[in-house]
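# Notes for the structure review
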Amino acid sequence: HKDYYQHYYSSTLGIKNWENHYALYRKNEENQRSQLFSKLESDGLELYGKTVLVIGAGTGAELFGLFQRGTQSVYGIEPSKT
């Protein structure tokens, strides 16, 4: 995950202090993920022990969050070639 963003921010966008951008991205991502999982759980969706498929997984950040929530198995697919 970090290697992908290092390449994206540094090589693709030419940002010298890519670590700062990555840290901000991660913080925002964690906040959004926490809100999503809290909403799903408050609606009665139990994630613990489940098998989950994430469609549009991107870089896979949600997959890590799902494992932290105790899912048994997590699969992610990303239709994008990038």
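## Examining the environment of K50
Within the secondary structure, K50 sits in the loop between helix 2 (18-42) and strand 1 (51-55). For K50, a relative accessible area of 41% translates into the label partly exposed. The spatial distance from the C-alpha of K50 to the C-alpha of Y5 is 29 Å, given a sequence separation of 45 residues. With near-sequence residues (within four places) excluded, K50 lies in contact with T71, Q72 and S73.

## Notes on the packing of aromatic side chains
Inspection of the entire model under this criterion finds eight aromatic pairs. With a centroid separation of 6.4 Å and 0 degrees between ring planes, the pair formed by Y4 and Y8 is classed as stacked. A residue pair is termed a helical-turn pair when its members lie 3 or 4 positions apart in one helix, as Y4 and Y8 do in helix 1 (residues 2-12) at four residues. Classification of Y4 by relative accessible area gives partly exposed; the value is 41%.

## A closer look at the packing of helix 2 against helix 3 (residues 61-68)
Following both chains from N to C, one finds helix 2 and helix 3 inclined at 55 degrees, their axes separated by 11 Å at the closest point. Put simply, helix 2 runs oblique to helix 3. Where helix 2 crosses over helix 3, the two elements pack in a sense that is right-handed. Across the interface between the two elements, E29, R33 and F37 from helix 2 touch A61, E62, G65 and L66 from helix 3. Its residues assigned to classes, the contact of helix 2 with helix 3 comprises three nonpolar, one polar and three charged.

## Topic: helix 3
Restricting attention to buried positions, one finds in helix 3 the residues A61, G65 and L66. Angularly, the buried residues of helix 3 cover 135 degrees about the axis, an arc narrow enough to put them on a single face. Of the surrounding elements, those touching the buried residues of helix 3 are helix 2, strand 1 and strand 2 (73-77). Directly beyond the C-terminal end of helix 3, a positive phi value near 90 degrees is found at G70.

## Quick notes on the side chain of T71
Structurally, T71 is set in the loop between helix 3 and strand 2. Residue T71 is classed as buried on the basis of its relative accessible area of 7%. At 3.0 Å, the side chain of T71 and the backbone oxygen of L66 are in polar contact. Beyond its immediate chain neighbours, meaning those up to four positions away, T71 contacts L47, G49, K50, V52 and L66.

Conventions adopted
- Residues numbered from 1 in each chain as written.
- Predicted model: local features only at pLDDT ≥ 70, side-chain atom pairs only at ≥ 80, totals over all residues.
- Heavy atoms only, no water.
- Helix = DSSP H or I, 4+ residues; strand = E, 2+ residues; numbered from the N terminus.
- Buried < 20%, exposed > 50% of the residue type's maximum accessible area, 1.4 Å probe, protein only.
- Contact = heavy atoms within 4.5 Å.
- Phe/Tyr/Trp six-rings, centres within 6.5 Å; stacked < 30°, edge-to-face > 60°.
- Axes fitted to C-alpha atoms, helices over the stretch in contact; angles between N-to-C directions.
- Parallel < 35°, antiparallel > 145°, perpendicular 65-115°, else oblique.
- Left-handed = near helix turned anticlockwise from the far one by under 90°.
- Nonpolar A, V, L, I, M, F, W, Y, C, P; charged D, E, K, R; others polar.
- Arc of directions from axis to C-beta.
- Polar contact = N/O pair within 3.5 Å; in protein donor to acceptor, adjacent residues only side chain to side chain.

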